[in-house]
Amino acid sequence: MIAADETFDGTWPYPARFNEAAGFRQHYVDEGPERPGRTIVMLHGESTWRYEWRHLIGPLSRHHRVVVPDHMGFGKSETPQDRSYDASEHILNLESLLVDTLDLTDITLVLRDWGGPVGTGFALRHPDRISRIFAVNTVLPLADDIAPLMKANGVESRWFRWAQSALSDGSFEQILGNAGRTIAHLMIDLQHVARPEIATPTWIRAYSSAFSTPAECRGVIAFPRQVLEGPQGPSPGPPPTEAVAALRAVPAMLAVGMRDTALLPEYVIPSFRLSYPDAPVVEIPSAGLPDRGRVRDAVGTP
């Protein structure tokens, strides 16, 4: 885990907070007005941490409470060695923080990459706490019909083609288990970094520091492995029909960087439309991860 006081040359100025309700030390940011009412909760994706939201937390927290956790095994959160790191476990961790500890209501969920399935799983358990959903280059598993789209994505996606090949030749855990050295290359070449010039020494250090030993790489290994091999634990049953209907009724929108090479727009957009056929979709042609200003404006809309 990254040291609690690490600022990465001032690019991460937010004070560290920790929660141990889920049985490990989970790091999170809690910025903005401490008052009842709307809270923006932002969830990161695979191989990253809350650092990916660093440009948005300050502007959004001027008017909203902004809570941004690190998933178990990422960023400044601990990487316990006795966990499966299945998505279902991350959902329960999120519940321990957002419900048991912070008791948040009127939540706007901002979800990217694996933040989509984890955040959706949490929302299905607590639909009464969710007011809006803002998806960013991710999939919300609210419709059975997304399975063929995700299968096709796996066939064409550069990231998942590499992961499948690495599993087959035995190099998967070797490469991701050395993520402190390999993660910047994987992000730039296989995922969503459309402008490699942003990969400054500080940027590389920020994204690689959490994975300094193989033991700290359990989270980054587990997420893609679940897609390719299924969860280690029991598969969850179908979500309650009432919860699905409640989430489909909340305002939602999708922002898509059209150059994403992990979750391809031609599959992400129609999968979103299955649950939200009339919701707005913002396409950003030149980006892998959508422009932070456009995302800020959207999630900050009253």
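This report concerns the structure included in the present document.

1. Points about the nonpolar core
Here comes step 1: Counting residues in hydrophobic clusters, the biggest one holds 89 residues, and the most contacted among them are M42, V220 and Y276.
Here comes step 2: What M42 contacts, discounting residues up to four positions off in sequence, is W53, L56, L60, V66, V67, V68, P69 and V110.
Here comes step 3: Core analysis: the second largest hydrophobic core is formed by five residues, A22, F24, M72 and A222 among them.

2. Some thoughts on unusual backbone geometry
Here comes step 1: Even without being glycine, D106 reaches a positive phi, approximately 50 degrees.
Here comes step 2: Locating D106 in the fold gives a position in the loop between α2 (87–101) and β5 (107–112).
Here comes step 3: A positive phi angle, close to 55 degrees, is found at D113, a residue other than glycine.
Here comes step 4: Inspection of the secondary structure puts D113 in the loop between β5 and α3 (115–125).

3. Looking at the packing of aromatic side chains
Here comes step 1: Using the criterion set out here, one finds 14 aromatic pairs in the structure.
Here comes step 2: For the ring pair W12 and Y14, a centre distance of 4.9 Å and an interplane angle of 80 degrees mean the geometry is edge-to-face. With respect to class, W12 is no different from Y14; both count as buried.
Here comes step 3: An aromatic cluster is built from F8, W12, Y14, W49, Y51, W203 and Y207, whose rings are joined through pairwise contacts.
Here comes step 4: Here the basic side chain of R25 rests over the ring of F18, its NZ or CZ set 3.7 Å away from the ring centre.

4. Let's talk about the packing of α3 against helix α10 (residues 241–248)
Here comes step 1: Contact pair α3 / α10: the axes reach a minimum separation of 9 Å and the direction vectors enclose 115 degrees. With respect to their mutual orientation, α3 and α10 come out roughly perpendicular. Both α3 and α10 take part in a crossing whose hand is right-handed. Contacts between α3 and α10 involve T120, A123 and L124 from the former and A243, V244 and L247 from the latter.
Here comes step 2: Along the lines of polarity and charge, the residues of the contact of α3 with α10 split into five nonpolar, one polar and no charged.

5. Overview of the side chain of S61
Here comes step 1: Inspection of the secondary structure assignment puts S61 in the loop between α1 (54–60) and β4 (65–69).
Here comes step 2: Of the polar contacts made by the side chain of S61, one reaches the backbone oxygen of I57; its length is 2.8 Å.
Here comes step 3: Residues in contact with S61, not counting those within four places in the same chain, are E31, G32, P33 and V66.

6. Some remarks on the sheet that holds β4
Here comes step 1: With respect to topology, eight strands assemble into an open sheet ordered β1-β2-β4-β3-β5-β6-β7-β8, the strand pairing being mixed. Two strands in the sheet have a free side with no partner beyond their single neighbour: β1 (17–19) and β8 (281–284). Neighbour-to-neighbour, the strand axes of the sheet open up by a mean angle of 20 degrees, direction not taken into account.
Here comes step 2: Taken strand by strand, helix α11 (residues 265–275) contacts β7 (252–257) and β8, and its axis lies near 175 degrees from that of β7.

7. Looking at the pattern of salt bridges
Here comes step 1: Across all of its chains, the model carries 10 salt bridges by this definition.
Here comes step 2: Between D9 and R205 there is a salt bridge, with the nearest N and O atoms lying 3.5 Å from each other. Highlighted residues: D9 in the segment before β1 and R205 in helix α8 (residues 201–208), separated in sequence by 196 residues.
Here comes step 3: Look at R205 and you get partly exposed, because its relative accessible area is 31%.
Here comes step 4: A salt bridge links D30 to R65; its shortest N-O distance comes to 2.7 Å. Placement of the pair is D30 in strand β2 (residues 26–31) and R65 in strand β4, with a sequence separation of 35 residues. Assigned by exposure class, D30 and R65 land together as buried.
Here comes step 5: Salt bridges sharing partners connect three or more residues here, namely E6, D9 and R205.

Calculation notes
Residues numbered from 1 in each chain as written. Predicted model: local features only at pLDDT ≥ 70, side-chain atom pairs only at ≥ 80, totals over all residues. Heavy atoms only, no water. Core = buried A, V, L, I, M, F, W, Y, C linked by side-chain atoms within 4.5 Å. Buried < 20%, exposed > 50% of the residue type's maximum accessible area, 1.4 Å probe, protein only. Contact = heavy atoms within 4.5 Å. Helix = DSSP H or I, 4+ residues; strand = E, 2+ residues; numbered from the N terminus. Phe/Tyr/Trp six-rings, centres within 6.5 Å; stacked < 30°, edge-to-face > 60°. Lys NZ or Arg CZ within 6 Å of the ring centre and 35° of its normal. Axes fitted to C-alpha atoms, helices over the stretch in contact; angles between N-to-C directions. Parallel < 35°, antiparallel > 145°, perpendicular 65-115°, else oblique. Left-handed = near helix turned anticlockwise from the far one by under 90°. Nonpolar A, V, L, I, M, F, W, Y, C, P; charged D, E, K, R; others polar. Polar contact = N/O pair within 3.5 Å; in protein donor to acceptor, adjacent residues only side chain to side chain. Pairing = 2+ DSSP bridges. Salt bridge = Lys/Arg side-chain N within 4 Å of Asp/Glu carboxyl O.

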